[in-house]
Amino acid sequence: MTRRFGLAAMLLWGACDGTASVSGEDLAPDVSVGDTAGPAPDAEPGSEDVTADAGVEPDLVAPDSDGAEVAEPPTWDEVKVTVGIAATSLSMGEQRVAWEDAGAIWVYDLAGGARVALAAGPSAHVGPVLANGDAEIVFSDDRNGNFDLFTLDIATLVVTPLVVAEGDQVAPTADGDIVAWVDKRAGDQPTLAEIWAWDRATGTPRALTADLAEQSLPFVRGRRVVFTDFGADPDKQFLEGEDPNDDNGDIAAFDLPEGAGALGERIAVSEDPDKQSHAAIDGDRVVWLDWRGISPEPKYKAFKVYGRALGQPEVMLGESSWSRPALWQRPAIDGESIAWVVETSAPRVMVGTLAGTAVEVPASFGELDAIGLRNGALAFLGGGRLGIQPLDAGL
């Protein structure tokens, strides 16, 4: 299967001017700044190195060991941006890429090629996600003594409280007007963590889950929120180091109706007795990390990547292995395209579909903290580098 993306849009993304990062005032002159803008403590001046290799059409070769067809690696144009070594929490939107570095929020403009520090200290700004058509960033902040949710308007740099409540509100995820997060207002115990969501255009914040089981890792796209549910686990929570057979997380989703009425339909995405986690969704397609049938020991390190179209059978996309949960990478999905990380001597990124076709992306990182996939381009973050690769010659 061959899929092409619009080259004209991709050409804008490679238009980096090679300048160093600039302050928030350069984005919005003559306006009040909600937080002091400035470089992250460990960040170095930006350098955007652009290669201009022509795309090539991949030729399929024999299927690999997990059954997926593997293509010869294509050559794609790549944008490389220097970021802080501690950079994490990648969020990829239609027009921008955002991340957090040592408590500061940074953004890279895909069309203009500018790397900009938007907000820094004295409180921690963590988990930034692009929202409202990339016009805002939603993030968690501990300025009130616990983590609450705030929005940062990218045009004006004004920071506004979004959700302020008892306990911590963390792990925000957003798409358009929809925001979802992990809410701990009932207490700090993992079993009291619930998934909340808010349609800011028509509704009010509301709890999607309300039980004595840990709910974690939400991801929203359109009007659907997907998350990890430990309701079927004997301990009702994730315990690091547990055999995945005894650490049973399932993948669930909610359809969010418009307005402030009923919660909508809860969808059971995957309920295998082993552990599933780190899900992402786009339309009817869901992808996640999966520990079913892992053998031999240690089951803790090895896992698989699964996906499905709702209403259709589950499909195994690939296998991987990481030494600790901090290195588990959430797969990325955009329409039919799915990206996931495979570990060998260095991280590799595969891009494929539920139909089984996959190609390896020639990533240039020694380590990867996160990947993103949106609007026909793939983003990487890790090891002090942000990379963006158009998939014009991909699937």
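Residues numbered from 1 in each chain as written. Predicted model: local features only at pLDDT ≥ 70, side-chain atom pairs only at ≥ 80, totals over all residues. Heavy atoms only, no water.

Colleague: Before we move on, could you go through the overall build of the protein chain and cite the residues and values that matter?
Modeller: Within the protein chain, the secondary structure is distributed over one helix and 30 strands. For the protein chain, restricting intrachain contacts to residue pairs at least 6 apart in sequence, the fraction spanning at least 24 positions comes to 49%. Working note: accessible area of the protein chain is about 15400 Å², and carbon and sulfur atoms make up 51% of it. (Helix = DSSP H or I, 4+ residues; strand = E, 2+ residues; numbered from the N terminus. Contact = heavy atoms within 4.5 Å. Areas by Shrake-Rupley, 256 points an atom, 1.4 Å probe, with all protein chains shown as cover.)

Colleague: Can you explain empty space enclosed by the protein? Please cite residues and give values.
Modeller: Rolling a probe over the atoms, with the probe sized like a water molecule, indicates the empty space that remains. Counted under the stated rule, the structure contains two cavities of 30 Å³ or more. When its volume is computed, the largest cavity comes out at roughly 40 Å³. What lines the largest cavity is simply Ile 178, Ala 197, Trp 198, Asp 199, Thr 204, Arg 206, Arg 223, Leu 256 and Pro 257. Among the elements that take part in the lining of the largest cavity, strand β14 (residues 194–199) stands out by supplying three residues, more than any other. (1 Å grid on protein atoms, 1.4 Å probe; cavity = no way out; pocket = protein on both sides within 12 Å on 5 of 7 lines; lining within 4 Å. Points joined across faces, edges and corners; volume = space filled by probe spheres on them.)

Colleague: I'd like a rundown of the packing of aromatic side chains, residues and numbers included.
Modeller: Tallying each qualifying case throughout the model produces ten aromatic pairs. Here the aromatic residues Phe 230, Phe 238, Trp 291, Phe 303 and Trp 328 are joined through ring pairs into a cluster of three or more. Note that Lys 275 overlies the ring of Trp 291, its terminal NZ or CZ placed 3.3 Å from the centroid. The ring of Tyr 306 is capped by Arg 292, whose NZ or CZ atom sits 4.1 Å from the centre of that ring. (Phe/Tyr/Trp six-rings, centres within 6.5 Å; stacked < 30°, edge-to-face > 60°. Lys NZ or Arg CZ within 6 Å of the ring centre and 35° of its normal.)

Colleague: Got a sec to walk through the sheet that holds strand β11 (residues 159–163)? Specific residues and values, please.
Modeller: One open sheet holds the four strands; their spatial order is β8-β9-β10-β11, and the pairing between them is antiparallel. Two strands lie at the open edges of the sheet, namely β8 (125–131) and β11, each paired on one side alone. Strand-to-strand, the axes of this sheet are offset by a mean angle of 30°, without reference to chain direction. Two elements, strand β9 (residues 136–141) and strand β10 (residues 148–153), share six bridges in a ladder whose sense is antiparallel. (Pairing = 2+ DSSP bridges. Axes fitted to C-alpha atoms, helices over the stretch in contact; angles between N-to-C directions.)

Colleague: Explain the pairing of strand β5 (residues 96–101) residue by residue, including any values.
Modeller: With six of six residues buried, β5 lies mostly within the body of the structure. Taking every second residue as pointing to the same face, both faces of β5 are buried, with Arg 96, Ala 98 and Glu 100 on one and Val 97, Trp 99 and Asp 101 on the other. Counting the residues that bridge the hairpin from strand β4 (residues 88–92) to β5 gives three residues. Strand direction decides the pairing type here: β5 and strand β6 (residues 104–109), joined by six bridges, are antiparallel. When the bridges of β6 are listed, Val 97 appears paired with Tyr 108. (Buried < 20%, exposed > 50% of the residue type's maximum accessible area, 1.4 Å probe, protein only.)

Colleague: Which residues make up the pattern of salt bridges, and what values do they have?
Modeller: Close approach of charged atoms allows side chains of opposite charge to pair. Counting across every chain of the model gives 16 salt bridges. The salt bridge partner of Arg 374 is Glu 94, with a shortest N-O separation of 3.6 Å. Highlighted residues: Arg 374 in strand β28 (residues 370–374) and Glu 94 in the loop between β4 and β5, separated in sequence by 280 residues. According to the relative accessible area criterion, Arg 374 is buried, its value standing at 12%. (Salt bridge = Lys/Arg side-chain N within 4 Å of Asp/Glu carboxyl O.)

Colleague: So what's going on with the environment of Val 138? Which residues, and what values?
Modeller: Here Val 138 shows up in strand β9. Residues Val 138 and Val 179 lie 41 residues apart in sequence; the distance between their C-alpha atoms is 8.3 Å. Ignoring sequence-local partners within four residues, the contact set of Val 138 consists of Gly 127, Pro 128, Val 129, Ala 131, Phe 150, Thr 151, Leu 162, Pro 172 and Val 179.

Colleague: Explain the pairing of β6 residue by residue, including any values.
Modeller: Summarising burial for β6: five of the six residues are buried, a large majority. In this antiparallel pair of consecutive strands, β5 and β6, the connection spans two residues, and Ala 102 shows a positive phi of 55°. Relative to strand β7 (residues 115–119), β6 runs antiparallel, the two being bridged by four bridges. Bridge pairing in β7 links Ile 105 to Ala 119. In this antiparallel pair of consecutive strands, β6 and β7, the connection spans five residues, and Gly 113 shows a positive phi of 75°.

Colleague: Describe the sheet that holds strand β21 (residues 285–290), listing the residues and the values that go with them.
Modeller: Strand order in the open sheet formed by four strands is β20-β21-β22-β23, and the pairing between neighbours is antiparallel. Among the strands making up the open sheet, the edge pair consists of β20 (276–282) and β23 (315–321). Direction aside, neighbouring strands of the sheet carry axes that sit 20° apart on average. Summarising the sheet, strand β22 (residues 302–309) and β23 pair through six bridges and their orientation is antiparallel. Note that in β23 the partner of Gly 307 across the bridge is Val 315.

Colleague: Which residues make up unusual backbone geometry, and what are the values?
Modeller: Leave glycine aside and you will find that most residues have negative phi; peptide bonds, for their part, are mostly trans. Its identity as a non-glycine residue notwithstanding, Leu 157 has a phi of 65°, on the positive side. Positive phi, close to 55°, is recorded for His 278, a residue that is not glycine. Position of His 278 among the secondary structure elements: in strand β20.

Colleague: I'd like a rundown of the nonpolar core, residues and numbers included.
Modeller: Residues Val 286, Val 349 and Leu 378 are the most contacted members of the largest nonpolar core, which totals 42 residues. Of the residues forming this core, the biggest block, five residues, is contributed by strand β25 (residues 337–343). Residues contacting Leu 378, with those up to four places away along its chain left out, are Met 92, Ala 339, Val 349, Val 351, Val 361, Gly 372, Leu 373, Gly 387, Ile 388, Gln 389 and Leu 391. By size, the runner-up hydrophobic cluster in this structure holds 20 residues, among which are Val 83, Ala 117, Ala 370 and Ile 388. (Core = buried A, V, L, I, M, F, W, Y, C linked by side-chain atoms within 4.5 Å.)

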